[in-house]
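Given next are the chains, with one letter for each unit.
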Amino acid sequence: MRVAEYVNFDAVGLAELVAKGEVTSAELEAAAREAAEAVNPQINAVVETWPADDDPRPRRAPLGGVPFLIKDIGVAMAGRRTELGSRLAAGNVASVDSSLMRRFRRAGLVTIGRTATPEMAYSVTTEPVLYGATRNPWNLERSAGGSSGGSAAAVAAGVVPIAHATDAAGSLRIPASCNGLFGLKPTRGRVSMGPDFDELFSGLAVQGSVSRTVRDSAVLLDRIRRPEPGDPYVAPEPSRPYAVEVTRPPGSLRIGVLAQAWGGRRTTAPVAHALSRTMCLLEALGHQVVEVEVDLGASWEEFVQANAVLWTANLAASVDQLAAAFGRPVDSSTLEPVTLAGYHYGQRVSGAQFVTALGIRNRVARSLARYFAAYDMLLTPILPELPAALGAHTEGAETLDGAGWIGRVLEHSPFTMPFNVAGTPAMSVPMTADAETGLPIGMQFAAGYGLESRLFRLAGQLEQASPWSDRTPTVWAGNPQPAEEHSSRHLRPPGPRGTAECIQVSGGITGTGAVTTQEGGTRS
């Protein structure tokens, strides 16, 4: 299979070709490697590749034979390096598969390498000292987001159709937004962290994926969900597979809109315009859309401080374990400045401070639960601004202490973290792009605990109403000509900034006029 053909299929589509015998798993792997060779020198998303040792099992698995990449943190593959983006863990080789890795194998995925992460997944941009910066395939001077920036950049550029990602503060949704992808953060307890961990970052972190189509994310989540014995959190089982939910109408939803973030960070004009256009589309599809204020359950200062305590205390424990395991010092030779500052801050966190922080987590969870008792979803931007320039997030960071760095992270990404704290599902949907720069703009939809089904139904409807699969970035494996000659011609940009027209609805209807939609969907 030629790369130009390979990039036109999503993961489910490729697996169907394998199952029918129209292409082999080896041919897909070869195409993925060729794609990586074409684009990775420009985007630096894939840090290592290896010969696949997975059994594709095409007739027994919905993703049989599909090339796949795992993030360099949060999952262990026997015999392969897992370095956490850090010099402290450089050369670390996993001895056994983690539970998640076994589920990836059972899904039929063929794992061919690992993707970049910021050190310890401790940033919303992927610029680690160990690998160097990952670049956004839409604009090489911009960040690919973090901490799953390597996975997102690789998928956006066409290396693989879907890749592993994690999310502890927006680490899956932010890169999805920056790279024009779909990404859903599951409910806490939906995917096991076992066997080595009962939870990560005190329950804030979850496992997931980034993909170019909604159905790919749904099919993979169906294969990796369910708890392991001893898990501290167990999410309620869905009534039907998520892959089925994608095809079902969502019904008329009551959707609140939070245009300005908690903490006072103002949403910039391009993002505000994209949000207005998304609201217009939702209304055209028959949903009730109303601007709301959402009580976080704590002041922004309390929220930031609680997360600083939880993050740094967890970080300090992890760093001590790694240093002991590898016999390495904990200093500037092994850790970057912001990680080292977080480590020292976490060492000073008291037990009482940690318990108080968990109390704040509880208050936030219960406050957002009250909101979701009144509304089906909450719509926000993923980020208040376009993807940042490389280096912007870390400029002057060496002067910050551990709490100061968490404050900066939350200033840049104030919309995403509350749903990690509450443990509720949220997704990034690539609704549109900035007319001036062509950069993608993702919108966040959040739902109540355990309600991924509701999110997948809406995502399927939005994907049908305003498709995004025809958008390709500047650096794209399917276009072998030099990047500067590629004009992102497949991008369908929004209208002039400042207008309120809707995103175009598939079928040719635009503006605020009514469209024909499927009716009869019920809330779950």
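Residue numbers restart at each chain and count upward from 1, following the sequence in its written direction. With pLDDT at 70 or above as the cut-off, local features in this predicted model cover only qualifying residues; side-chain atom pairs require 80 or more to be listed or tallied, and sums for whole chains, interfaces and linings still use all residues. Only hydrogens and water are set aside; all other atoms, that is, all heavy atoms of the structure, feed into the side-chain values.

Only DSSP runs of H or I reaching four residues or more are called helices, and only runs of E reaching two or more are called strands; each is numbered from the N terminus. Along the backbone of the protein chain there are 15 helices and 13 strands. For 524 residues, the compact-globule formula gives about 24 Å, and the C-alpha radius of gyration of the protein chain, at 21 Å, lands near that figure. Its C-alpha atoms put the protein chain at 60 × 50 × 45 Å along the principal axes. Burial classes: relative accessible area under 20% of the type maximum marks a residue as buried, over 50% as exposed, and values in between as partly exposed (1.4 Å probe, protein chains only). Taken across its 524 residues, the protein chain has 62% of its residues classed as buried. The contact criterion used throughout is that any non-hydrogen atoms of two residues lie within 4.5 Å. Counting contacts in the protein chain only where the partners sit at least 6 residues apart, residues at least 24 apart contribute 79% of the total. Charge assignment: positive for Lys and Arg, negative for Asp and Glu; neither His nor the chain ends contribute. Every charge is mapped to an atom, namely NZ of Lys, CZ of Arg, CG of Asp or CD of Glu. Of the side chains in the protein chain, 46 bear a positive and 52 a negative charge, and the two mean positions are spaced by 5 Å. We compute the radius of gyration over the C-alpha atoms and compare it with the globule rule, which gives 2.2 Å times the number of residues raised to the power 0.38.

Moving on, we come to the confidence of the model for the protein chain. Note on scores: pLDDT gives the predictor's confidence for each residue, bounded by 0 and 100. Averaged over every residue, the pLDDT of the protein chain is 92; residues scoring 70 or more account for 90%. Every residue in residues 483-500 scores below 50 in pLDDT, and together they form 46 contacts with partners more than four places removed in sequence or on other chains.

Stacked, tilted and edge-to-face pairs are distinguished by plane angle, under 30 degrees for stacked and over 60 for edge-to-face with tilted covering the rest, among Phe, Tyr and Trp rings (Trp via its six-membered ring) whose centres lie within 6.5 Å. Within this structure, the stated rule accounts for nine aromatic pairs. Either the NZ atom of lysine or the CZ atom of arginine qualifies as a charge over a ring when it sits within 6 Å of the ring centre and within 35 degrees of the ring normal. Over the ring of Y233 we find R188; its NZ or CZ atom is 5.6 Å from the centre of that ring.

Now for the packing of helix α11 (residues 337-347) against helix α13 (residues 402-412). Two numbers describe how α11 lies on α13: the axes approach to 7 Å, and their chain directions differ by 125°. Between α11 and α13, the interaxial angle falls into the category oblique. Here V338, A341, G342 and Y345 of α11 lie close against α13, whose contacting residues are G402, A403 and W405. Residues belonging to the contact of α11 with α13 are distributed by class as follows: five nonpolar, two polar and no charged. Where helices are involved, their axes are fitted lines through C-alpha atoms of the stretch in contact, as for all axes, and angles between N-to-C directions lie from 0 to 180°. When describing relative orientation, an angle under 35 degrees is termed roughly parallel and one over 145 degrees roughly antiparallel, while 65 to 115 degrees is termed roughly perpendicular and anything else oblique. Charged residues are taken to be Asp, Glu, Lys and Arg, nonpolar residues to be Ala, Val, Leu, Ile, Met, Phe, Trp, Tyr, Cys and Pro, and polar residues to be all remaining types, Gly included.

By size, the foremost hydrophobic cluster in this structure holds 96 residues, and its most contacted members are F104 and F445. Ignoring sequence-local partners within four residues, the contact set of F445 consists of T278, L282, M377, L378, L379, P425, A426, M427, V429, L455, L458 and L462. For our purposes a nonpolar core is just a set of buried Ala, Val, Leu, Ile, Met, Phe, Trp, Tyr and Cys residues, chained together by side-chain atoms within 4.5 Å. The next biggest cluster of nonpolar side chains, apart from the first, holds 64 residues, and it includes Y345, V364, A422 and A446.

Let us look at unusual backbone geometry. Omega for the peptide link from G146 to S147 comes to 10°, which places this bond in the cis form. In this structure, the amide linkage connecting G194 to the following residue, P195, adopts the cis form with an omega of 0°. Unlike most non-glycine residues, N44 shows phi in positive territory, near 55°. Among the structural elements, N44 can be located in the loop between α3 (25-43) and β1 (46-49).

When a carboxyl oxygen of Asp or Glu is within 4 Å of a side-chain nitrogen of Lys or Arg, the pair counts as a salt bridge. Per the counting criterion, the structure on display carries 22 salt bridges. Across the pair R33 and E29 runs a salt bridge whose closest N-O atoms are separated by 2.8 Å. Within this pair, R33 and its partner E29 are both found in helix α3, separated by four residues, close to a single helical turn. Relative accessible area serves as the criterion here: at 22%, R33 is assigned to the partly exposed category. The salt bridge involving E385 is made with R265; its shortest N-O contact spans 2.8 Å. Of this pair, E385 sits in the loop between β11 (377-381) and α13 while R265 sits in the loop between β9 (254-257) and α9 (269-284), and the two are 120 residues apart along the sequence. When salt bridges with common partners are traced through the structure, they connect E48, D72, R81, E83 and R114 into a single cluster.

Attention now moves to helix α4 (residues 99-106). The buried fraction of α4 is high, at six of eight residues. Looking at α4, one finds that the buried residues are S99, L100, M101, R103, F104 and R105. On its buried face, α4 is in contact with β2 (67-71), β3 (110-115), β6 (162-167), β8 (206-211) and α7 (214-224). Immediately downstream of α4, the backbone of G108 shows phi near 95°, a positive value.

What follows covers the environment of A133. Tracing the chain through its elements places A133 in the loop between β3 and β4 (135-136). For the pair A133 and A459, spaced 326 residues apart in sequence, the C-alpha separation works out to 31 Å. Dropping the residues within four chain positions of it, A133 is found in contact with I43, N44, T126, E127, P128 and L390.

This paragraph deals with helix α2 (residues 11-20). Where burial is concerned, most of α2 is hidden: seven out of the 10 residues are buried. Listing the buried residues of α2 in full gives A11, V12, G13, L14, A15, L17 and V18. For α2, the elements touching its buried residues are α1 (3-6), α3, β6 and α7. Note on α2: the residue one or two positions beyond its end, G21, has a positive phi of about 80°.

Along the chain, S428 turns up in strand β12 (residues 426-433). Here S428 falls in the buried class, since its relative accessible area comes to 0%. In contact with S428, not counting residues within four places along its chain, are R173, A176, S177, L181, F182, G183, I382, G442 and M443.

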